[in-house]
Amino acid sequence: MTADGEHGHEERTEGGDPVCWLERVCDECGAMREDMKAPRCARCGTPFPGPEQDGAGHPAG
C-alpha cells in the first residue's frame, strides 16, 4: 500500500545473463571469448572445443 492508501503495482523483470553465453567462457580460466572464431583462449591459450573436438579440446574419436 502507498502513503495515499492505493495499492501499488510492482513490475518485475527477469534478470541475469542468457545461458547461451556459456560457450563464450573459457573452461580453464573463465575469460569471456570475444572472437567466436578464435581457436584458443586469448588469456591462457586453452583450445576451445569445436565440432571436431571433445569438451577437453582433444580431437573427437
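See the structure printed just above.
Residues numbered from 1 in each chain as written. Predicted model: local features only at pLDDT ≥ 70, side-chain atom pairs only at ≥ 80, totals over all residues. Heavy atoms only, no water.

J.: I tried to follow the environment of arginine 33 on my own but got confused; where do I start?
T.: For arginine 33, a relative accessible area of 12% translates into the label buried. Arginine 33 sits 11 residues away from leucine 22 along the chain, and the two C-alpha atoms are 9.8 Å apart. What arginine 33 contacts, discounting residues up to four positions off in sequence, is Glu23, Arg24, Ala38 and Phe48. Side-chain polar atoms of arginine 33 contact the backbone oxygen of aspartate 35, separated by 3.4 Å. Polar contacts involving the side chain of arginine 33 include one to the main-chain carbonyl oxygen of alanine 38, which spans 2.7 Å. (Buried < 20%, exposed > 50% of the residue type's maximum accessible area, 1.4 Å probe, protein only. Contact = heavy atoms within 4.5 Å. Polar contact = N/O pair within 3.5 Å; in protein donor to acceptor, adjacent residues only side chain to side chain.)

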